[in-house]
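Residue-level structure breakdown
So you can see what is in the structure, the chains are spelled out below.
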Amino acid sequence: MSVVDRIKKIENEMARTQKNKATSYHVGQLKAKLAKLKRELLTPSGGGGGGGGVGFDVAKTGVARVGFVGFPSVGKSTLMSKLTGTHSEVGAYEFTTLTTVPGIIQYKGAKIQILDLPGIIEGAKDGKGRGRQVIAVARTCSLIFIVLDVLKPMTDKRIIEKELEGFGIRLNKSPPAIIFKKKEKGGINMTNTVPLTQLTFEEVKAVLSEYRIHNADVSFKEDSSIDDLIDVIEGNRIYIPCIYVLNKIDQISIEELDLIYKIPNAVPISSNHEWNFDELLDTMWKKLNLVRIYTKPKGKLPDYDQPVVLTQSKNSVEDFCNTIHKAILEQFKCAYVWGASVKHNPQKVGKEHILVDEDVVQIVKKV
C-alpha cells in the first residue's frame, strides 16, 4: 500500500470517528500517524521517482523572496511581467509556465526577488503534477502571493491552502507557544498557563506515544490544538505571511468588489489593466517587515537613494555592518544613530543596538 493510500485510509477513519472523551486518545494517535506519513511524502526515502524537476533551483537574490502560487491560468505570469518587466510565458490556456521564472522588483530602495511558480493542481502534496517541486520552492519564500481568479469560486483558495499546509507551510500564523523538551526519565509532565479547550492530557499522551516519546516536559502558553502540538514535535514547519491576490476585478461589479474587500489579507487587482498595484506593493512591504537604514559618511549628508535593507529579525548595528562588508566589524569602535530607535539625535551606540525603519547610521572606526 502506497503512502498516499495509507494517508487516505487514516483520513477516512478520522472522518468516521466521533470526537468525544472516549475516542480522544485514538484521534490523537491517528493525527500523529497522519503527520508522520505526510513527512514521508515531503522527504521520500530511496531513489526512483520522477527526478528533481528541471528549472526549480533558483539562486536567491535581493533581500526577500516573494513566490506566486496559484492554479493554472489565473494571471500569475501577466502580473509578474507587469511588476518586474520579466517575460514569463503568457497564454490564454492552462499550464503555460512550466518552470520557475525569477524576476526582480525595486521597491522603496529594496531589491525583492519575485518567483512565478508553475500552476498548482489539486493533489500536488500527494505528488501529482509538478506540485511537490513547486511547493518546495514556495517553502523558501519570505512571502507568498496566492493568486486567485475572482470569477472562479473561493473553494480554489481553500484547496491551495490545504496543499501548502500538507507541505508544512503555515500561512499567516506564528509558531505555537508550546515549549517541548525530551528528558531521560520521569514520564510525561504537562503544564499550561491558560485553560486548554481544544485538547486533553490523554490526547497529548496519545500523540507523544505515537512518536515513541515517553519522557518529556510539555508546557502550553496558549490555547493550542493537537495540530499545533504535532507541528512543534515535527519541527519542520515553516511560518510564512501570505497575501491573497484576487485578479481580474475588471470583470466584476462594484458590489462584488465591496464583498471581496471583506476577505482578510486580500488585495483585489487587475493585472491586465494594472489596477490597484500600489496597494498590492504597499501590502507586500508591510508583510515583509523590512527595515531601511541610511548610511551617513562623516561630514556628508545621508545617502537616501540606496538604503541598506535588513529584515526585522536581523536589524542590529552588527547586522547592518555585516550586510555592507564583513571586515567592518574588525575596525568597529561605535556608531552614531539618528532616528526613532534612539532617545536623542545623534546617539552613540554599540553593535548590539537594534535599529528601526529609516534610521540613519554613521560608523566610527578604531584609529
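I will try to describe carefully the structure that is included in this document. (Residues numbered from 1 in each chain as written. Predicted model: local features only at pLDDT ≥ 70, side-chain atom pairs only at ≥ 80, totals over all residues. Heavy atoms only, no water.)

1. Thoughts on the sheet that holds strand β6 (residues 178-182)
One open sheet holds the three strands; their spatial order is β6-β8-β7, and the pairing between them is mixed. Across the chains shown, the open sheet's two edge strands, defined by having one partner strand only, are β6 and β7 (188-192). On average, each strand axis in the sheet is inclined to that of its neighbour by 10°, with strand direction left out of account. For β7 and strand β8 (residues 216-220), the ladder comprises five bridges, and the chain directions are parallel. Its bridge partner lying in β8, N192 is registered against F220. In the packing of helix α6 (residues 201-210) onto the sheet, the strands contacted are β6, β7 and β8, and the crossing angle to β7 comes to about 135°. Of the strands in this sheet, β6 and β8 touch helix α7 (residues 226-234), which is tilted by about 50° from β6. (Pairing = 2+ DSSP bridges. Helix = DSSP H or I, 4+ residues; strand = E, 2+ residues; numbered from the N terminus. Axes fitted to C-alpha atoms, helices over the stretch in contact; angles between N-to-C directions. Contact = heavy atoms within 4.5 Å.)

2. Here's the deal with helix α10 (residues 317-324)
Of the residues making up α10, those classed as buried are V317, F320 and C321. Viewed end-on, α10 has its buried residues packed into an arc of 95°, placing them on one side of the element. Contact partners of the buried residues in α10: β12 (290-295), β13 (303-311), β14 (332-338), β15 (347-349) and β16 (359-365). (Buried < 20%, exposed > 50% of the residue type's maximum accessible area, 1.4 Å probe, protein only. Arc of directions from axis to C-beta.)

3. Here we look at the side chain of S316
Tracing the backbone through its elements, the reader meets S316 in the loop between β13 and α10. Taking the relative accessible area as the measure of exposure, S316 reaches 9% and is therefore buried. Non-local contacts of S316, meaning those with residues more than four positions away in its chain, are made with L310, K351, E352, H353, I354 and L355.

4. Focus: the packing of α6 against α7
Where α6 contacts α7, the axes come no closer than 11 Å and their chain directions differ by 35°. In the packing of α6 onto α7, the handedness of the crossing is right-handed. Between α6, through E203, V204, V207 and L208, and α7, the contact on the second element is made entirely by I226, L229, I230 and I233. Looking at the contact of α6 with α7 residue by residue, the class counts come to seven nonpolar, no polar and one charged. (Left-handed = near helix turned anticlockwise from the far one by under 90°. Nonpolar A, V, L, I, M, F, W, Y, C, P; charged D, E, K, R; others polar.)

5. Section: the packing of helix α3 (residues 76-84) against helix α9 (residues 277-288)
Between α3 and α9, the shortest axis-to-axis distance is 12 Å and the interhelical angle comes to 85°. Accordingly, the angle class assigned to the pair α3 and α9 is roughly perpendicular. Every residue of α9 that contacts α3 at L79, K82 and L83 is listed here: F277, L280 and L281. (Parallel < 35°, antiparallel > 145°, perpendicular 65-115°, else oblique.)

6. Re the packing of aromatic side chains
Under the definition given, this model contains three aromatic pairs. Above the ring of Y211, the side-chain terminus of K36 is found at 5.7 Å from the ring centroid. Stacked on the ring of Y244, the Lys or Arg K157 has its end atom at 4.6 Å from the ring centre. (Phe/Tyr/Trp six-rings, centres within 6.5 Å; stacked < 30°, edge-to-face > 60°. Lys NZ or Arg CZ within 6 Å of the ring centre and 35° of its normal.)

7. Some details on the nonpolar core
By size, the foremost hydrophobic cluster in this structure holds 56 residues, and its most contacted members are I112, F145 and M284. Setting aside chain neighbours within four positions, we find M284 in contact with V66, Y107, I112, L143, F145 and I243. By size, the runner-up hydrophobic cluster in this structure holds 17 residues, among which are L208, V218, F220 and L229. (Core = buried A, V, L, I, M, F, W, Y, C linked by side-chain atoms within 4.5 Å.)

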